[in-house]
Every structure is written in C-alpha cells, then in structure tokens.
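The primary structure of each chain is shown beneath.
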Amino acid sequence: AAAVERAAAAVAAARGKSAAQVLLRWQLERGLVPITTSSRPERVREHFDVFDFALTAAELASLDDAGARAPARRYNPVGWRDPPDAPWFAADTCG
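Residues numbered from 1 in each chain as written. Predicted model: local features only at pLDDT ≥ 70, side-chain atom pairs only at ≥ 80, totals over all residues. Heavy atoms only, no water.

## Comments concerning the overall build of the chain
- From N to C terminus, the chain includes 4 helices and 0 strands.
- Overall, the chain shows an N-to-C arrangement of helices and strands of α-α-α-α.
- Put simply, the chain has 95 residues, and 23% of those count as buried.
- Of the roughly 6800 Å² that the chain leaves accessible, carbon and sulfur atoms contribute 59%. (Helix = DSSP H or I, 4+ residues; strand = E, 2+ residues; numbered from the N terminus. Buried < 20%, exposed > 50% of the residue type's maximum accessible area, 1.4 Å probe, protein only. Areas by Shrake-Rupley, 256 points an atom, 1.4 Å probe, with all protein chains shown as cover.)

## So, the packing of helix α1 (residues 2-15) against helix α2 (residues 19-29)
- For the pair α1 and α2, interaxial distance at closest approach is 8 Å and the crossing angle is 100°. Looking at the two axes, α1 sits roughly perpendicular to α2. Counting all contacts with α1, which are made through V4, A8, A9, V11 and A12, the residues of α2 involved are A19, V22 and L23.
- Each residue belonging to the contact of α1 with α2 can be placed in one class, and the counts come to 8 nonpolar, no polar and no charged. (Axes fitted to C-alpha atoms, helices over the stretch in contact; angles between N-to-C directions. Parallel < 35°, antiparallel > 145°, perpendicular 65-115°, else oblique. Contact = heavy atoms within 4.5 Å. Nonpolar A, V, L, I, M, F, W, Y, C, P; charged D, E, K, R; others polar.)

## What to know about the side chain of Q21
- On the secondary structure map, Q21 appears in helix α2.
- On the basis of relative accessible area, Q21 is assigned to the buried category, the value being 6%.
- A polar contact is formed between the side chain of Q21 and the backbone oxygen of E46, at a distance of 3.1 Å.
- Contact partners of Q21, with chain neighbours within four places excluded, come to E46, D49, V50 and F53. (Polar contact = N/O pair within 3.5 Å; in protein donor to acceptor, adjacent residues only side chain to side chain.)

## Description of a nonpolar patch on the surface
- On the surface, a nonpolar cluster with roughly 410 Å² of combined accessible area is contributed by L28, V44, F48 and F51.
- Relative to the assigned elements, F48 resides in helix α3 (residues 41-48).
- Take F48: its relative accessible area is 60%, and that puts it in the exposed class. (Patch = residues over 30% accessible without salt bridge, like charges linked within 9 Å, V, L, I, M, F, W, Y side chains within 5 Å. Salt bridge = Lys/Arg side-chain N within 4 Å of Asp/Glu carboxyl O.)

What follows is the structure, given as structure tokens:
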C-alpha cells in the first residue's frame, strides 16, 4: 500500500488535488464504482470534486504499477465467501 500512497501523492501534488481524489479518479477512469464513506461534509464535497480533471496515460500507468505490487482485498461479486485459495483466506475466521 505504501507504493500506492507514494504514487497517488506524486500525482496529487502535480494536480493540486488530494491523494484520495486521485485514487477516486483512477477508479472512475478504470470503470470501477468508488464507494466512499464519511460523516464529514468537507470530505464528502472533496470526494465529488473529481470531475474537473483526467489522469494522463502515464499517471494511470504509475498508479496501475503501484497497485499491482500492493496486496489488495477485492469484493467477490460471485458470492459472499472468499475462495479458499485467496491469499487473505483464513479458515478459522470464516464461518
């Protein structure tokens, strides 16, 4: 995750945006549906302020590369249980 944070921070600094905004924009440009939560109105406004810029191909590649090197847990749309061969699966924690 540190690689993703560094890549997002670099793009954010160049764009005058927050790292969160860069990552939300990355999700949108990759055709994903970002899901955010916050009880702070300023954060909610910040999350919506991602439609006035687009990431360059180099910025997208930088974030893709950083993400490929970082472990991530993804939602499994097929079912609620993770497959037993998933790297985060622990038999003693799943009911």
